[in-house]
Amino acid sequence: MASPRSRSARARDVRWRGPLAVLDEMRREPGVTRAAVARRLGLSTGSATEITARLRDLSLLAETPAATAARGRPTTVLTPHPDGPVVIAVDLRQEDWRCAVAPLDGRPEIAETGTHRSRDPEHVIDAVAQVVRRLHRRHGERVRAVSVAIAATVQRGRVVQSAVLGWDAVDLAALAVDPRVPLLIGNDATLAGLAEARQGVAAGATTVLHITVEVGVGGTLVVDGRPVDGATGAGGEFGHLPFGDPDLRCPCGARGCWDLVVDGRAIARHLGDPPPRDPRTYAEQALARASADPAVRTAIGRTASGLAGGLAGLINAMDPAVVTLGGLAESLRAAAEPEFTAALAGGLMRFRRLDPPPVVDAALGGDGALHGAVVIALDHVLTEDGLATWMALRS
Ligand SMILES: [Zn+2]
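These notes cover the structure that comes with them. (Residues numbered from 1 in each chain as written. Predicted model: local features only at pLDDT ≥ 70, side-chain atom pairs only at ≥ 80, totals over all residues. Heavy atoms only, no water.)

## What to know about the overall build of the chain
The number of helices and strands found in the chain is 13 helices and 14 strands. Over its C-alpha atoms the chain spans a radius of gyration of 23 Å, differing by no more than 12% from the 21 Å that the globule rule assigns to 395 residues. By its C-alpha atoms, the chain is 70 × 50 × 50 Å across when sized along the principal axes. Looking at the chain as a whole, 49% of its 395 residues qualify as buried. In the chain, the proportion of contacts linking residues at least 24 apart, taken out of those at least 6 apart, comes to 65%. Within the structure as shown, the chain displays about 18600 Å² of accessible surface, and the carbon and sulfur contribution to it stands at 52%. Across the chain, the 45 positively charged side chains and the 45 negatively charged ones have centroids separated by 6 Å. (Helix = DSSP H or I, 4+ residues; strand = E, 2+ residues; numbered from the N terminus. Rg over C-alpha atoms; globule rule 2.2 N^0.38 Å. Buried < 20%, exposed > 50% of the residue type's maximum accessible area, 1.4 Å probe, protein only. Contact = heavy atoms within 4.5 Å. Areas by Shrake-Rupley, 256 points an atom, 1.4 Å probe, with all protein chains shown as cover. Lys, Arg positive; Asp, Glu negative; His and termini not counted. Charge placed at Lys NZ, Arg CZ, Asp CG, Glu CD.)

Dropping the structure here:
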């Protein structure tokens, strides 16, 4: 039997349904007009006006007159309110970090950036925490979530391992600004894939496989706008599938990991070079001289094959509608298209070769993880609870 409390919660949820739908449209298409939103949501002009007025009163959106087409009715453009909620997003990478602030349309604006003086976790976290606190002081209670994309394996919202940063389990709690403001932490490749599926090149596709190569390979499967990340959130570690050489031991502790045959370490091995200290830079330098040096071109071809062969296995297993490639995966394919294509076709099951999913370059490039961090933060803010909290703060 429903308790009175759950009845009131249900009434509240119904009350927020229209406003949330309007805010979601603003997020889906920054700069959208009220008339377009009304049309898409099937709202009468009166309801659309009423809902946007209410959202304006709550400092959730602002309206500015739209340049109307000759025969169109006058309408307004919906934009985030200048005093409305914001989220702080952090992108913590191998060499550097970036902090951004995003309003409700989900467009992050970079506030501060820095390079790691040392990769010692204490130094890195302290440097970022100072910036996050500064941004929190500047925006005060408008900050409704802090969201971190990190080049690390994340389990139950905690960093458990990062080969790229050389970290074991590390506590990021110092980045929290207030007990009432959630700190959200996600793997960078997972968040980049989420961003591609929600607002990037794969927007609108129901099942998206994202693959990115930096040092090793990461990615995610996104189904209906949510990453499939397992029971504890640590799923999607595609780089540690045994698509590699069983004689090679991976820093993760396993043998035969795919990671070792797709990046700068693989190119160096094929060329007989020692393992590079910075495999990302090594790979970029090799890609730059591939056209002039046949041996380098061959090594890149073998590496592109290693990537595409594993990708074929993932496509067989997961049946994505679209595959998006980020980071060095794009460059490897571009530099060795014949090898990539042959290895992909060779690894696909026969029935799939007739109608393989499109494999497209990511649209958000190096900003994917940052955008993904904003996506999960706004998913948290733009809920019945999130809006009720915001209303309570303002009363
Ligand atoms: Zn591994």
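Okay, back to it.
## Regarding the coordination of the zinc ion
Angles at a metal have ideal values that depend on geometry: 109.5 degrees with four tetrahedral donors, 90 or 180 degrees with six octahedral donors. Donor atoms from the polypeptide that coordinate the zinc ion comprise His240 (ND1), Cys250 (SG), Cys252 (SG) and Cys257 (SG), at 2.0 to 2.3 Å from the metal. Taken together, the 4 donor atoms coordinating the zinc ion and their angles of 104 to 115 degrees define a geometry best described as tetrahedral. Mapped onto the sequence, the residues coordinating the zinc ion show the spacing H-x9-C-x1-C-x4-C. One end of the pair, His240, is in the loop between β12 (226-227) and α6 (264-271); the other, Cys252, is in the loop between β12 and α6, with 12 residues separating them in the sequence. The exposure class of His240 is partly exposed, given its relative accessible area of 30%. You can call Cys252 partly exposed: its relative accessible area is 31%. (Donors = N, O, S within 2.8 Å, 3.2 Å for Na, K, Ca; no water. Tetrahedral: all angles 85-135°; square planar, octahedral: opposite > 155°, others 65-115°.)

## What about the nonpolar core?
One finds Leu23, Leu60, Val87 and Leu104 to be the most contacted residues of the largest nonpolar core, which totals 40 residues. Excluding anything up to four places from it in sequence, Leu104 contacts Leu23, Met26, Arg27, Leu60, Pro80, Pro85, Leu378, Val381 and Leu382. Counting residues in each nonpolar core, the second largest holds 37 residues, with Ala283, Leu287, Ala299 and Leu325 among its members. (Core = buried A, V, L, I, M, F, W, Y, C linked by side-chain atoms within 4.5 Å.)

## A look at the side chain of Asn187
Among the secondary structure elements, Asn187 is positioned in strand β9 (residues 183-187). At 2.7 Å, the side chain of Asn187 forms a polar contact with the backbone oxygen of Ala152. Here the side chain of Asn187 touches Ala189 through a polar contact of 2.9 Å, landing on its backbone nitrogen. (Polar contact = N/O pair within 3.5 Å; in protein donor to acceptor, adjacent residues only side chain to side chain.)

## Details of the pattern of salt bridges
The tally for this structure, following the rule as stated, stands at 22 salt bridges. Salt-bridge contacts for Arg93 lead to Asp96; the nearest nitrogen and oxygen are separated by 2.9 Å. On the basis of relative accessible area, Arg93 is assigned to the partly exposed category, the value being 27%. Its relative accessible area of 22% is what places Asp96 among the partly exposed residues. Between Arg297 and Glu339 there is a salt bridge; the shortest N-O distance is 2.9 Å. Of this pair, Arg297 sits in helix α8 (residues 294-318) while Glu339 sits in helix α10 (residues 337-347), and the two are 42 residues apart along the sequence. One network of salt bridges, in which partners are shared, links Glu25, Arg28, Glu29 and Arg40. (Salt bridge = Lys/Arg side-chain N within 4 Å of Asp/Glu carboxyl O.)

## Remarks on the packing of α6 against α8
At their nearest, the axes of α6 and α8 sit 9 Å apart, and the two run at 130 degrees to each other. Taken as axis vectors, α6 and α8 run oblique relative to one another. Crossing geometry of α6 relative to α8 is assigned as right-handed. For the pair formed by α6 and α8, the contact residues are Ala266, Ile267, His270 and Leu271 on the first element and Ala295, Val296, Ala299, Ile300, Arg302 and Thr303 on the second. (Axes fitted to C-alpha atoms, helices over the stretch in contact; angles between N-to-C directions. Parallel < 35°, antiparallel > 145°, perpendicular 65-115°, else oblique. Left-handed = near helix turned anticlockwise from the far one by under 90°.)

## Section: the environment of Met349
Mapping Met349 onto the fold places it in the loop between α10 and α11 (350-353). Relative accessible area serves as the criterion here: at 41%, Met349 is assigned to the partly exposed category.

## Focus: the pairing of strand β8 (residues 158-161)
Alignment of strand β7 (residues 153-155) against β8, held across 3 bridges, turns out to be antiparallel. Residue pairing in the sheet places Thr153 in a bridge with Gln161 of β8. The antiparallel hairpin formed by β7 and β8 contains 2 residues in its connecting segment, where Arg156 sits at a positive phi of about 50 degrees. (Pairing = 2+ DSSP bridges.)

## A short note on the environment of Ala202
Structurally, Ala202 is set in the loop between α5 (188-199) and β10 (207-214). Separated by 29 residues in sequence, Ala202 and Ala231 place their C-alpha atoms 25 Å apart. Setting aside residues no more than four positions away along its own chain, Ala202 makes contact with Glu196, Ala197, Val208, Val322 and Thr324.

## What to know about α6
Those residues of α6 not exposed but buried are Gly264, Arg265, Ala266, Ile267 and Ala268. Positive backbone phi, approximately 75 degrees, marks Gly272, located one or two places after α6.

## As for the packing of aromatic side chains
This structure, assessed with the given rule, holds 1 aromatic pair. On the basis of an interplanar angle of 80 degrees and a centroid distance of 5.3 Å, the ring pair of Phe243 and Trp258 is categorised as edge-to-face. Here Phe243, found in the loop between β12 and α6, pairs with Trp258, found in the loop between β12 and α6; they are 15 residues apart in sequence, far enough to count as distant. For Phe243, a relative accessible area of 33% gives the class partly exposed. A relative accessible area of 0% places Trp258 in the buried class. (Phe/Tyr/Trp six-rings, centres within 6.5 Å; stacked < 30°, edge-to-face > 60°.)

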